[in-house]
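Letter by letter, the chains look like this.
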Amino acid sequence: MSDVILLIDDDQSLRRVTEYNLSSKGFIVVTAASGRQGLEQFEIYSPDLVVTDVKLGDMSGLDILEKIKK
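Residues numbered from 1 in each chain as written. Predicted model: local features only at pLDDT ≥ 70, side-chain atom pairs only at ≥ 80, totals over all residues. Heavy atoms only, no water.

Trainee: In this structure, what is going on with a nonpolar patch on the surface? I would like to understand it.
Mentor: A cluster of nonpolar side chains, Val-54, Leu-62 and Leu-65, forms an exposed patch at the surface whose accessible area comes to about 260 Å². The residue Leu-62 is located in helix α3 (residues 61–69) in this model. (Patch = residues over 30% accessible without salt bridge, like charges linked within 9 Å, V, L, I, M, F, W, Y side chains within 5 Å. Areas by Shrake-Rupley, 256 points an atom, 1.4 Å probe, with all protein chains shown as cover. Salt bridge = Lys/Arg side-chain N within 4 Å of Asp/Glu carboxyl O. Helix = DSSP H or I, 4+ residues; strand = E, 2+ residues; numbered from the N terminus.)

Right, dumping it as structure tokens:
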């Protein structure tokens, strides 16, 4: 399996645990600690799936998904 998941979460410990769990199942996980960083990673990696926290420090997860859909 080589599906790429973009994980966006400003909580470092939760991000690391989630990254570990997804990686252990065979996914390639790209992480971002902010909405802006997540959008940059999306442009670079074109992930198959985006998982984001709703409340981030710099923007809403819903705003991120809206920008990605465009």
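Trainee: I keep staring at the environment of Ser-34 and nothing clicks. Help me out?
Mentor: In this structure, Ser-34 sits in the loop between β2 (28–32) and α2 (35–45). Residues Ser-34 and Glu-19, 15 residues apart in the sequence, show an inter-C-alpha distance of 15 Å. Residues contacting Ser-34, with those up to four places away along its chain left out, are Ile-8 and Asp-58. Among the polar contacts listed, one links the side chain of Ser-34 to the backbone nitrogen of Gln-37, at a separation of 3.1 Å. (Contact = heavy atoms within 4.5 Å. Polar contact = N/O pair within 3.5 Å; in protein donor to acceptor, adjacent residues only side chain to side chain.)

Nothing here speaks to function; it is geometry throughout.
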